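A structural walkthrough
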Amino acid sequence: MFAISDNDISVDALREQLMDPGAGGLCVFEGWVRNENEGRTVERLEYEVYEPLAVSEGEKVIAEAREQFPHLQACCVHRSGLLEIGDCAVWVGVAAPHRDEAFKACRYIIDQIKVRLPIWKKEHYLDGDTGWVNCERCANV
Amino acid sequence: MFAISDNDISVDALREQLMDPGAGGLCVFEGWVRNENEGRTVERLEYEVYEPLAVSEGEKVIAEAREQFPHLQACCVHRSGLLEIGDCAVWVGVAAPHRDEAFKACRYIIDQIKVRLPIWKKEHYLDGDTGWVNCERCANV
Amino acid sequence: MKTITVRYFAMFREHAGLGEETLQLDVATALDVFEQTRSRHASTEPSGHCKVAINDEMAEWTSSVNDGDTVLLFPPVAGG
Amino acid sequence: MKTITVRYFAMFREHAGLGEETLQLDVATALDVFEQTRSRHASTEPSGHCKVAINDEMAEWTSSVNDGDTVLLFPPVAGG
């Protein structure tokens, strides 16, 4: 299951959704909004998401993880909109019979999500400036 | 911080304890009591812990992780006593500036905890039998 | 000439000053659309760092575009 | 002869029928203690799979034991 959320991610509800008497382990990754990026103080952050394709590509990533590591339950929610420092921007959870596949599948999902989904991050800095992350060159024209 | 707990692990409180505005990611591993092990139906599980040494060895494992991956916050709680299917037996959380060190440190901690700490697991099977996990040979004498 | 609807996202949208426009373009591939609208999305970013979708399906730069297609131009992504 | 307090855990405790006993033993190392009490903890488990602590510090099988020491015998662990 992959979803985009405009509101705070309900960490507890997601964790409970993965509970399974046959699962021996859960690996979770949460991405948090940091107060700093490349030496600049970040005040808040804005995610722009193109939801139709973010969801279909997110579901594809989870399906790929399940192909590589059978018998796992996986779930991911990514925020859109305005986030404050410390907010959870993305939550990935994988429950599996053994910890090795839980760790590997969780890592696979977050790694792919970061590079494949149509999601853009705009940082709002303390000095009032803003910048699109990963887009230094296009920002310079 | 490493601790042994006789009661349900307070997952939310542990997660909050690791929150840090400089952390960009949290990796959590939870070990859950499975309903099955090596083909036998498990009804419940009992952890015996020699607490003084489990705690000092657990703290040592966390210190080793912090040496390998600086700037991380890490925390682990392991249950003792009687556990039911689905209960959380161990919780490991690592918050770090970047996800790579969060995943690696979390994996390091759980791997070491499983093999180094004086903790023993007794499975209670559906058929009334019990067995110490990892102790097949000593059980057979 | 083909009628192509082009959608701009994030930085590209801000530079174009609009999210979407329908243009008459002499194009064969998604890359042609990217290059012919480059001045609007004010990008010197190589296409290799960007992504493209056609009619809400992820596509390749070499994918062909047909009359009536909607081409979505994505600047470098940054999820997570 | 040395006065050694031996503590048994988990399976070892169940087989010994007690958690702790103080014995007079002719021993030099932790391994000697393990072997001389083997019948009590009913183990054919090689020492390599087990662990030992002396006076609440993790130790090696080759560690020497002194008069008055407490030796903790740990069957194979299974945390997590």
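Preceding block: the structure.
Structure report, in brief. Here the residue numbering is sequential within each chain, running from 1 through the sequence in written order. Chain letters and ligand numbers both follow the written order, the letters beginning at A and the numbers at 1. Selection of residues for local features in this predicted model requires a pLDDT of at least 70, selection of side-chain atom pairs for listing and counting requires 80 or more, and totals for whole chains, interfaces and linings are taken over all residues. Side-chain metrics rest on all non-hydrogen atoms present in the structure, leaving aside hydrogens and water.

All right, on to the interface of chain B and chain A then. When checking whether two residues touch, look at their non-hydrogen atoms; a contact exists if any pair is within 4.5 Å. On the chain A side, the residues contacting the 34 residues of chain B number 34 residues. Accessible surface is computed with a 1.4 Å probe, and the buried area is the amount of it that two parts give up when combined, taken over both parts together. Buried surface at the junction of chain B and chain A, both sides included, amounts to about 2900 Å², of which 56% is carbon and sulfur. It is Trp32(B), Arg99(B) and Phe103(B) in chain B that bury the most area against chain A; as a group they hold 26% of the surface buried on that side. We define a salt bridge as a side-chain nitrogen of Lys or Arg found within 4 Å of a carboxyl oxygen belonging to Asp or Glu. Between chain B and chain A we count six salt bridges in total. With a shortest N-O distance of 2.9 Å, Asp111(A) and Arg99(B) are connected by a salt bridge. Contacts described as polar in this section are N or O atom pairs within 3.5 Å, which, within protein, must combine one atom able to donate a hydrogen with one able to accept it, while residues neighboring in sequence count only if both atoms come from side chains. Summed over the shared surface of chain B and chain A, the number is 16 residue pairs in polar contact (both at pLDDT 80 or more). Within the residue set of the side of chain B that touches chain A, elements represented by two or more residues are helix 1 (11-17), strand 2 (25-32), strand 7 (88-96) and helix 3 (99-116) of chain B. Amino acids outside the nonpolar list (Ala, Val, Leu, Ile, Met, Phe, Trp, Tyr, Cys, Pro) and the charged list (Asp, Glu, Lys, Arg) are all regarded as polar, and Gly is one of them. For the side of chain B that touches chain A, the residue count by class is 18 nonpolar, six polar and ten charged. Strands here are runs of E lasting at least two residues and helices are runs of H or I lasting at least four, both read from the DSSP assignment and numbered beginning at the N terminus.

Moving on: the arrangement of the chains. The structure contains three pairs of chains in contact, of which chains A and B account for the largest number of contacts. Across the gap from chain C to chain D, with no contact made, the nearest C-alpha atoms are 29 Å apart.

Let us look at the interface of chain D and chain B. On the side of chain B, 26 residues touch chain D, which itself brings 25 residues to the contact. Around 2300 Å² of area is buried between chain D and chain B when both sides are counted, 58% of it from carbon and sulfur atoms. Ranking the residues of chain D by area buried against chain B places Val77(D), Ala78(D) and Gly80(D) at the top, with a combined share of 27%. At the junction of chain D and chain B, the tally comes to two salt bridges. For Glu48(B), the salt bridge is made with Arg13(D), and the minimal N-O distance between the two is 2.4 Å. The tally of links from chain D across to chain B stands at 14 residue pairs in polar contact (both at pLDDT 80 or more). Going through the elements one at a time, helix 1 (10-16), strand 3 (51-54), strand 4 (57-59) and strand 5 (70-74) of chain D are the ones with two or more residues in the side of chain D that touches chain B. Sorting elements by how many residues they give to the side of chain D that touches chain B places helix 1 of chain D first, with five residues.

Here is the rule: rings of Phe, Tyr and Trp (six-membered ring for Trp) pair when centre to centre is within 6.5 Å. Planes less than 30 degrees apart are stacked, more than 60 are edge-to-face, and the remainder are tilted. A complete count under the given rule lists 16 aromatic pairs over all chains for this structure. With a centroid separation of 5.5 Å and an interplanar angle of 15°, the aromatic rings of Phe29(A) and Phe103(B) are classed as stacked. Of this pair, Phe29(A) sits in strand 2 (residues 25-32) while Phe103(B) sits in helix 3, on two different chains. Type-normalised accessible area, obtained with a 1.4 Å probe on protein chains alone, sets the label of each residue: buried when under 20%, exposed when over 50%, and partly exposed for intermediate values. Phe103(B) gets classed as buried once you look at its relative accessible area, which sits at 4%. With a centroid separation of 5.5 Å and 20° between ring planes, the pair formed by Trp120(A) and Phe9(C) is classed as stacked. Taken together, the positions of Trp120(A) in strand 8 (residues 119-125) and Phe9(C) in the loop between strand 1 (2-8) and helix 1 (10-16) put the pair across two chains. Like Trp120(A), the residue Phe9(C) is buried in the burial classification.

For the rest of this paragraph, the subject is the relation of the copies chain B and chain A. A rotation about an axis combined with a shift along that same axis relates the two copies of the chain. Superposition of the copies used a least-squares fit over C-alpha atoms from residues whose pLDDT is at least 70 in both. Between the two copies, chain B and chain A, the superposition gives an RMSD of 0.0 Å; the rotation angle is 180° and the shift along the axis is 0.0 Å. The two molecules are tied by a two-fold rotation axis, judged by turn and shift. When C-alpha positions in chain B are compared against the rotation axis, the closest is assigned to Val28(B), at 2.5 Å.

A few words on the sheet that holds strand 4 of chain D. All names here are of chain D. Two strands qualify as a pair provided that DSSP identifies no fewer than 2 bridges between them. Strands sit in the order 2-1-5-3-4 across an open sheet of five strands; the sheet is mixed. Edge strands, defined here as strands with exactly one partner in the open sheet, are strand 2 (20-25) and strand 4. Strand-to-strand twist of the sheet, defined as the mean angle between neighbouring strand axes without regard to direction, takes the value 35°. As judged from the four bridges shared by strand 1 (residues 2-8) and strand 5, these two strands associate in the parallel manner. The residue bridging Tyr 8 from the neighbouring strand is Leu 73, located in strand 5. In this description, a line fitted to the C-alpha atoms serves as the axis of each element, helices being fitted only across the stretch in contact, and the angle between N-to-C directions of two axes falls anywhere from 0 to 180 degrees.

Turning next to the nonpolar core. Nonpolar core, defined: a set of buried Ala, Val, Leu, Ile, Met, Phe, Trp, Tyr and Cys residues in which side-chain atoms within 4.5 Å join the residues together. Within the largest apolar cluster, 63 residues are counted, with the highest numbers of intra-cluster contacts made by Val94(A), Phe103(A), Ile109(A), Val94(B), Phe103(B) and Ile109(B). Per-element accounting of this core gives the leading share, eight residues, to helix 3 of chain B. Non-local contacts of Ile109(B), meaning those with residues more than four positions away in its chain, are made with Val61(B), Ile62(B), Ala65(B), Ala74(B), Val92(B) and Val94(B). Membership of the second largest hydrophobic core comes to 26 residues, among which are Val11(A), Ile9(B), Leu26(B) and Trp91(B).

Turning next to the packing of helix 2 (residues 51-68) of chain B against helix 3 of chain B. Residue and element names in this part refer to chain B. Where helix 2 contacts helix 3, the two axes come as close as 10 Å, and the packing angle between them is 150°. The angle between helix 2 and helix 3 falls in the class roughly antiparallel. Both helix 2 and helix 3 take part in a crossing whose hand is right-handed. Packed against helix 2, whose contacting residues are Glu 57, Lys 60, Val 61, Ile 62, Glu 64, Ala 65 and Gln 68, the element helix 3 presents Ala 105, Tyr 108, Ile 109, Gln 112, Ile 113 and Arg 116 at the interface. In terms of residue class, the contact of helix 2 with helix 3 is made up of seven nonpolar, two polar and four charged. Under this scheme an angle from 65 to 115 degrees is roughly perpendicular, one under 35 degrees roughly parallel, and one over 145 degrees roughly antiparallel; angles in between are oblique. Each crossing gets its hand from how the near helix is turned against the far one by less than a right angle, where anticlockwise is left-handed and clockwise is right-handed.

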